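Architecture at a glance
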Amino acid sequence: MNQFKYLNESFTKLPIEWQLFLSNELYPELIAIDSTLLNLSTKHTILPPQNLIFEALAKTPLNKISVVILGQDPYHGIGEANGLAFAVNHGVKLPPSLKNILIELNNEYPDNKQNLSAANLTKWAEQGVLLLNNSLTVIENQANSLANIGWNTITNQIIKKISASLYNVVFILWGAFAQKKSVLIDDKNHLILKSPHPSPLSSYRGFFGCNHFILANKYLEQHLKQPIIW
């Protein structure tokens, strides 16, 4: 029985394999994060909502992961963060990075006519695309404000667990921050794709034209896995 207070609602939604992994390997670290968030929540609005903190893991069980896309931080505007990296809730204005991701997707698959309002990315997650932020929480209107409360330890161990437990996963690392995580991944057993970040500040330096969606599917098919319907 876990003793989480702030994290409990989201934690109990997790598939059993994620619950066991987090409880067995990272329980003290999560208890510390739980206590910090509980204290901060008396003075600040924490995003995403409590029931969505572990949503990336809830939507994508360990044994179904075929692609991992790494983000840095949840969006910090009210109503934006939904627990999936780069995604926002339906009806929310597209953040610039997500808009560029969907533009690149349309460029790679022009016949798909991908709707630029398909912003919550749940369909990706349900197909095995783990949309994992390095930090799983943020204070409203304070970008990267909870980067140092211990989430880095948790998400690094999740990446290492995926690398060690599975084969032929595509890790998509956009931007310098995500690319630092490549040291956690066994590149003999997995494909690592790197490009500049989709932010407007860097997207024209090589994100556009990276063909990561096509390359990911080609790799999955080569290893007899289902391609993602992006």
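Before reading further, recall that the structure is shown in the block above.
Residues numbered from 1 in each chain as written. Predicted model: local features only at pLDDT ≥ 70, side-chain atom pairs only at ≥ 80, totals over all residues. Heavy atoms only, no water.

1. Points about the nonpolar core
- Formed by 69 residues in total, the largest nonpolar core has its most connected members in L7, L22, F54, W124, W151, I162 and W230.
- For this core, the leading source of residues is helix α2 (residues 16-40), giving seven residues.
- Apart from residues lying up to four places away in sequence, L7 is in contact with L30, I33, D34, L37, I53, F54 and W151. (Core = buried A, V, L, I, M, F, W, Y, C linked by side-chain atoms within 4.5 Å. Buried < 20%, exposed > 50% of the residue type's maximum accessible area, 1.4 Å probe, protein only. Helix = DSSP H or I, 4+ residues; strand = E, 2+ residues; numbered from the N terminus. Contact = heavy atoms within 4.5 Å.)

2. Thoughts on the sheet that holds strand β2 (residues 67-71)
- Strand order in the open sheet made by the four strands is β3-β2-β5-β6, with parallel pairing throughout. Lying at the two open borders of the sheet, with one neighbouring strand each, are β3 (129-133) and β6 (191-195). Here the strands of the sheet are splayed against their neighbours by 20° on average, with no regard to which way each runs.
- Here strand β5 (residues 170-174) pairs with β6 via five bridges, running parallel. Counted as the bridge partner of V170 is L191 from β6.
- Set on the sheet, helix α6 (residues 151-165) makes contact with β2, β3 and β5; between it and β3 the angle comes to about 155°.
- Contacting β2, β5 and β6, helix α8 (residues 212-222) runs over the sheet at an angle of about 175° to β6. (Pairing = 2+ DSSP bridges. Axes fitted to C-alpha atoms, helices over the stretch in contact; angles between N-to-C directions.)

3. Some words on α6
- Relative to the 21 Å expected for 15 residues at 1.5 Å per residue, α6 spans 21 Å between its end C-alpha atoms, a close match to the ideal helical length.
- Packed against the buried residues of α6 are α2, α3 (55-59), β2, β3 and β5. (Expected span 1.5 Å × (residues − 1).)

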